[in-house]
Amino acid sequence: MSKYKCPKCGMEYDAPGKCEMDGAELIRVESKPNENIDNRTKHHSHAQHHKMMVEDFKKRFVISTITTIPILILSPLVQKIFGIHISFSGSDYILWALSTFIFFFGGWPFLKGLYDELTSKKPGMMTLIALAITTAYFYSSLVIFGVKGKVFFWELATLIDIMLLGHWIEMKSVMGASNALEELTKLMPENAHLLLKDGSIKEVPVGELKSGDIILVKPGEQIPSDGIITEGSTYIDESMITGESKPVSKAKNHTVIGGSINIDGAIKVKVQMAENGSFLSQIIELVKQAQESKSKTQDLANKAAFWLTIIALSSGATTFLVWFGIFGKTVEFALERMVTVMVITCPHALGLAVPLVVATSTAIAAKNGLLIKNRASFEMARNLQAVVFDKTGTLTKGSFDITDIVIFKNNITKEKLLEYAAALESYSEHPIAQTIAKKLTQKVNVKDFKSIPGKGVEGIIDNKRIMVVSHNYLKEKNITIDKKLIKNLIESGKTVVYVLIDNVLSGALALADVIREESKEAISKLKSMGIKCIMLTGDRKEVAKWVSENVGIDEYFAEVLPNEKSQKIKEIKNRGLIVAMTGDGINDAPALTEADVGIAIGAGTDIAVESADIVLVRNDPRDVVAIVHLAKATYKKMVQNLMWATGYNALAIPLAAGVLYNYGILLSPAIGAVLMSLSTVIVAINAKLLKNKAYTFDK
């Protein structure tokens, strides 16, 4: 099969043309048959390309800033401010040469951005910056080579430096561009144990498996492909795939999912779907679709830049025409007024208004355990109307534990019942048995331990015959239970095991996924803010109901398959709500990318973390509340900065154009540059006030 590859960044395409990232002509390459899906290569290239762009902005900023130092030293205004005089033969040409280097090297991203925005008919910040630096550079160059006027080289250099800094900060803040698909493909093991017709076993790459192949999966290994068990039985951990918190018993003719973990038994599996059609690959496709369909919200700075571009062009042209055509001033005077307007229209403040607030809020968030990956989605969090929580690993701890101990006979205490059960279960390898065994606090002597296949265990402790068994054993032996005592446990979907002492039913232990202590408080605070709280889980309805009632959830969806989770998010969004999704599993990845704001629990899977817009490091649902508070405070600072930056223009542009010329007030380029710097300082101070504000993560 033919594919096409970019020679610069290595990104692959299915059709010929040009690379969407750098415009290079694609070259044809032949892909190998039966090769693994190469989504990981493609998306790795996207991430690498983004990283290269961030490094490029950093390099241009550092080099341009160093070059700016001699420009400042040679600039007349700077010399006047510091009371020095440095001038020698050819100094003007050195000033021009250094400024030319900064214009083309440091200004290149903005010149390229100008071309891109104009060809797409969407002028924005890049257009505004490019117009300002181009006007300043060519006008100042004309002055150096004979035209009467003043040079703008130091304004040009510092403008480029600060704009490079602003864009570097901004790009770093959004560098969490998703590597979700790359992480998903890593979940599948690289090799599989293929059973040949002669009974021998051959290690083969997973990509070479075909439907109908028989593979051996050993205990502790990941299952290489979707399939059907043909021999053996085991327990399989599917929690990261389906959301089911309890290991699932599997035997002959049961289906297994590629990527899930085989816990305790060797099984033979008939491959049902190879990698291209596997359950995991379907999730990959869902994540890809959600990523591609997510809208790219234009931020406030770009909107302001669009209108300032229009104002800059019209004001500059009008200024020149009025002074030269109507008032009859010289070309030099009219040109100087026009250039002053064009330079002042793009103040440093506008370029830093948003990035400085972003950098400050990102730092605050990081110190408080919130990692912001997608700025646009983070900003949207201020308007959240619904938060959807995954259950397993998010509202709950994702691990089984004993939640209830029920005594049927008064001849034993809860502590003794638990001790007997834990001592006995310590001899078993069953996942539920191991959970109970963890409660053993002292050594207990167990004699004549025996396993009752599929039903429980038994042994002698303190000269008593102790049995820990399932409901099926009781049913088989016609042992009756007072259902009133365990009604709530059964209705809650908990797993119940029974303890018999000398053949007398003495008590029961209930196990369930443990609810996080912080979940109820998080839900309560979100609801107090008018935000609807919804739970989405692949677990059973009884379990979902029990959890939702305990934490105060408004609405829940249970037994939802992974490929249905993103659809549920769409349905909730179709109600007209701005939705956040909080989860930690592979099964949450499509929903995380489909939501307006995707929030991942940090201890979850790599794919969930990579699919999310924000990562919660502490596994604390209350941090969702903190996200909303910080998003509101951040947005407020952004608006304040943009109002100042654009308000400055409303005052500076008319003065630069010379509307008060008849009153003896004329804003010179030098004064314009000073005001420009002042506006930058004000914006920077205001951004830092976000950090100094009495702002706390109230938990």
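Relevant structure appears above.
Residues numbered from 1 in each chain as written. Predicted model: local features only at pLDDT ≥ 70, side-chain atom pairs only at ≥ 80, totals over all residues. Heavy atoms only, no water.

**Brief notes about the sheet that holds strand β9 (residues 248-250)**
1) Next: Strands sit in the order β9-β8-β11 across an open sheet of three strands; the sheet is antiparallel. Both outer strands of the open sheet, β9 and β11 (261-262), are each paired with one neighbouring strand and no more. (Pairing = 2+ DSSP bridges. Helix = DSSP H or I, 4+ residues; strand = E, 2+ residues; numbered from the N terminus.)

**Some thoughts on the pairing of strand β21 (residues 532-536)**
1) Next: Burial analysis of β21 places four of its five residues in the buried class, the great majority of the element.
2) Next: For strand β14 (residues 386-390) and β21, the ladder comprises five bridges, and the chain directions are parallel. Counterpart to Phe389 in the pairing with β21 is Met535.
3) Next: As paired strands, β21 and strand β22 (residues 555-557) are joined by three bridges and run parallel to one another. Paired with Met535 across the bridge in β22 is Tyr556.
4) Next: What joins β21 to β22 is helix α20 (residues 541-551), and the crossover it makes is right-handed. (Buried < 20%, exposed > 50% of the residue type's maximum accessible area, 1.4 Å probe, protein only. Right-handed = clockwise from strand over helix to strand, strands pointing away.)

**Considerations on the nonpolar core**
1) Next: Of all hydrophobic cores here, the largest spans 49 residues; its most connected members are Leu384, Val387, Leu526, Ile599 and Ile627.
2) Next: When residues of this core are assigned to their parent elements, the largest contribution, 10 residues, is made by helix α24 (residues 623-657).
3) Next: Other than its neighbours up to four places away in sequence, Leu526 contacts Val387, Phe389, Ile531, Cys533, Val624 and Val625.
4) Next: Counting 42 residues, the second largest nonpolar core, distinct from the first, contains Phe61, Val78, Leu156 and Met342. (Core = buried A, V, L, I, M, F, W, Y, C linked by side-chain atoms within 4.5 Å. Contact = heavy atoms within 4.5 Å.)

**Quick word on the pairing of strand β18 (residues 464-469)**
1) Next: Across six bridges, strand β17 (residues 456-461) lies against β18 in antiparallel orientation. Within β18, the residue paired with Glu458 across the bridge is Met467.
2) Next: Counting the residues in the hairpin turn of β17 and β18 gives two residues, including Asp462, whose phi is positive at 55 degrees.
3) Next: Two elements, β18 and strand β19 (residues 495-501), share four bridges in a ladder whose sense is antiparallel. When the bridges of β19 are listed, Val468 appears paired with Val499.

**Structural notes on the pattern of salt bridges**
1) Next: This structure, assessed with the given rule, holds 22 salt bridges.
2) Next: For the salt bridge of Glu231 with Lys268, the shortest nitrogen-to-oxygen distance reads 3.5 Å. Of this pair, Glu231 sits in strand β7 (residues 226-231) while Lys268 sits in strand β12 (residues 267-273), and the two are 37 residues apart along the sequence.
3) Next: Of the residues examined, Lys268 reaches a relative accessible area of 27% and is grouped as partly exposed. (Salt bridge = Lys/Arg side-chain N within 4 Å of Asp/Glu carboxyl O.)

**Considerations on the sheet that holds β22**
1) Next: Here we have seven strands laid out as an open sheet, ordered β13-β25-β24-β23-β14-β21-β22, and mixed in their pairing. Each end of this open sheet is capped by a strand with a single partner; those strands are β13 (370-372) and β22. Shown here is a sheet whose adjacent strand axes are inclined to one another by a mean of 20 degrees, direction ignored.
2) Next: Strand direction decides the pairing type here: strand β23 (residues 579-583) and strand β24 (residues 597-601), joined by four bridges, are parallel. Directly across from Ala580, in β24, lies its bridge partner Val597.
3) Next: Taken strand by strand, α20 contacts β21 and β22, and its axis lies near 155 degrees from that of β22.
4) Next: Contacts from α24 reach β13, β14, β23, β24 and β25 (614-616), with the element oriented near 140 degrees to β25. (Axes fitted to C-alpha atoms, helices over the stretch in contact; angles between N-to-C directions.)

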